[in-house]
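The chain contents come next:
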Amino acid sequence: MKFAGPLIDEATIAGVADVLRSGQITSGPWVERFEAALSKFCEGRPVRVMTSATAAVEVALQLCGIGPGDEVITCAQSFFTVLNMIVKCGATPVFVDCDLVTRNIDLAQVESRIGPRTRAIIPTHWPGSLVDMDALHGLARRHELRVIEDAALVIGSRYRGRPVGAIGDLVTFSFHPNKNMTSIEGGALACNDEREARRVDVLRFHGIERLADGTRDVGFPGGKFNLPDVNARIGVEQLARLPEFLAHRRNLVLRYFERFPANTDCVLPPRPVDGDGQSWNMFSILLPDGLSMSRKMFRDMLLTRGIATGVSYEALHLSTLGRRYGYQRGDLPNTERIAERTVTLPLHAGMSLDDVDRVCDACADVLGR
Ligand SMILES: *Cc1c(COP(=O)(O)O)cnc(C)c1O
């Protein structure tokens, strides 16, 4: 059993074949359709698609004018993207810790690390519970900081009834095959207004600006991040099916809560509550501290029972790159404990309730030894 993966139907596969036959295979009408659908999803805010969420974070940082001498506060319990893109833009990452259960960024620590060079905050939203957006954006407004919400894992989650991407400042999504919906590779950036979106058009395509005389100019070394129509064709269909995917994922998570063996001392994610508006991209548990076997052994034993698992995520501040900024073990205890004890169990739209039962039985068997 895979631990993540896409569900692509025959109509989409036929649609991709049509795009391939059309001859218009890189960015074109399907990108426009995908962006229009995403913009509608974000309650009318302009959205631009790109080749990945990583590209979207890089472009968002450039859009904010962040570079050398600037600091960006982010959570060390996240994917490498946030660290890499802050460093790539020439800025300095400032890491703070997260909550042990929700894994969301600790906003009190964010406030305590704001200084004269701070320009932005990049929080990563976790499946099952979003960052407290009122507190986050209130804090950002008080200190005149930009916010780039890393919403790679949570497209379809709602905050006070409104979808992530419709509110706040800049928001990035991922359409990697392991996420809630896919375009093979792909990502998106939700912007505040058309002026920002037009700047994103430039930044994602070489930095090229078109001049009145029909020639081109560049004033900034832009990337080459435009999404092909082949990918956008898949994205359009996937976005239409997102509610169905999310409903199924939620049922699988409810089954995990029903069937996961009790009394194992594992820390489970926050339990779903009716009407909470949360989406579930991953079901990540923390193994008990007192467990006699290593995480590697636990994962290997599940694998011999045909069950693949993941690690989400390693501690960014303890990576070789993160340590260059002076961080060491012990700095961010919750992040480090999660990094050492987390296991992501299988969860994807192609799974059945029986599959969840098989995973839970295997966990009971392995943990019971
Ligand atoms: C997957 C992921 C990313 C990167 O997404 P790509 O589209 O692969 O670049 C960034 N942040 C988080 C939290 C992710 O899970």
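Structure shown above.
Residues numbered from 1 in each chain as written. Predicted model: local features only at pLDDT ≥ 70, side-chain atom pairs only at ≥ 80, totals over all residues. Heavy atoms only, no water.

Asks: Honestly, empty space enclosed by the protein in this entry has me stumped. Any pointers?
Replies: One water molecule sets the probe size; rolling that probe over the atoms shows where empty space is left. By the definition in use, this model includes 3 cavities of 30 Å³ or more. Taken as a whole, the largest cavity spans an internal volume of roughly 80 Å³. As for the largest cavity, its lining consists of V101, T102, R103, W126, P127, P269, P270, W280, M282 and S284. Built from parts of two domains, the lining of the largest cavity gets at least three residues from each of domain 1 (10–236) and domain 2 (242–368). Lining the second largest cavity we find G5, P6, L7, P177, K179, N180, M181, T182, Q238, F245, R249 and A349. When its residues are assigned to classes, the lining of the second largest cavity shows 6 nonpolar, 4 polar and 2 charged. (1 Å grid on protein atoms, 1.4 Å probe; cavity = no way out; pocket = protein on both sides within 12 Å on 5 of 7 lines; lining within 4 Å. Points joined across faces, edges and corners; volume = space filled by probe spheres on them. Domains from an automatic or database assignment. Nonpolar A, V, L, I, M, F, W, Y, C, P; charged D, E, K, R; others polar.)

Asks: What exactly am I supposed to notice about helix α11 (residues 333–341) here?
Replies: Quick reminder: α-helices carry 3.6 residues per turn. Residues three or four places apart thus point the same way. Listed as buried for α11 are T335, E336, I338, A339 and R341. Where α11 is buried, its residues meet β3 (92–96), β12 (283–286), α9 (295–304) and β13 (342–345). (Buried < 20%, exposed > 50% of the residue type's maximum accessible area, 1.4 Å probe, protein only. Helix = DSSP H or I, 4+ residues; strand = E, 2+ residues; numbered from the N terminus. Contact = heavy atoms within 4.5 Å.)

Asks: Just to check I follow, could you spell out the pattern of salt bridges for this structure?
Replies: If charged atoms from side chains of opposite charge come close, those side chains can pair. Taken as a whole and judged by the stated rule, the model has 24 salt bridges. Here R204 makes a salt bridge to E35, at a shortest N to O gap of 2.8 Å. Taken as a pair, R204 in the loop between α7 (194–203) and β10 (208–210) and E35 in helix α2 (residues 29–41) lie far apart in primary sequence, 169 residues in all. One salt bridge in this structure joins R250 and D276, with 3.0 Å as the shortest N-O distance. With a gap of 26 residues between them, R250 in helix α8 (residues 229–259) and D276 in the loop between α8 and β12 connect regions that are remote in the sequence. The exposure class assigned to R250 is buried, which follows from its relative accessible area of 18%. It is possible to trace a salt-bridge network through shared partners that takes in E35, R48, E194, D201 and R204. (Salt bridge = Lys/Arg side-chain N within 4 Å of Asp/Glu carboxyl O.)

Asks: Just checking my understanding: could you explain the packing of aromatic side chains for this structure?
Replies: Between two aromatic rings, the relevant description is the distance of the centres plus the angle of the planes. All chains considered together, the criterion is met by 9 aromatic pairs. Between F79 and Y313, the ring centres sit 5.8 Å apart and the planes meet at 50°, which makes this aromatic pair tilted. In this pair, F79 is assigned in the loop between β2 (71–75) and α4 (80–88) and Y313 in the loop between α9 and α10 (320–323), connecting sequence segments 234 residues apart. On the accessibility criterion, Y313 (9% relative accessible area) is buried. Between F95 and Y327, the ring centres sit 5.3 Å apart and the planes meet at 75°, which makes this aromatic pair edge-to-face. Within this pair, whereas F95 is found in strand β3, its partner Y327 is found in the loop between α10 and α11, the two being separated by 232 residues in sequence. The positively charged end of R233 is found above the aromatic ring belonging to W30, 4.6 Å away from the centroid. (Phe/Tyr/Trp six-rings, centres within 6.5 Å; stacked < 30°, edge-to-face > 60°. Lys NZ or Arg CZ within 6 Å of the ring centre and 35° of its normal.)

Asks: Honestly, the environment of R45 in this entry has me stumped. Any pointers?
Replies: Its place among the elements puts R45 in the loop between α2 and β1 (47–50). Here R45 is in contact with S39, G165, A166, I167, G168, D169, V171, A190, C191 and N192, once residues within four sequence places are set aside.

Asks: Quick question: what am I supposed to make of the pairing of strand β5 (residues 146–150) here?
Replies: Within a regular strand, the side chains alternate between the two sheet faces. For β5, the tally of buried residues reaches 4 of 5 residues, placing the bulk of the element in the interior. Pairing analysis gives 2 bridges linking strand β4 (residues 118–122) to β5, with the strands arranged parallel. Following the sheet pairing, A120 is matched in β5 by R146. (Pairing = 2+ DSSP bridges.)

Asks: Whenever I open this one, the side chain of D169 confuses me. Can you help?
Replies: Following the sequence through the fold, D169 ends up in the loop between β7 (162–163) and β8 (170–174). Among the residues examined, D169 registers a relative accessible area of 11% and is labelled buried. In terms of polar contacts, D169 uses its side chain to reach the side chain of R146, at 2.8 Å. When residues no more than four places from it in sequence are discounted, the contact partners of D169 are R45, H137, R146, V147, E149, A190 and N192. (Polar contact = N/O pair within 3.5 Å; in protein donor to acceptor, adjacent residues only side chain to side chain.)

These results come straight from atomic positions and should not be treated as a statement about function.
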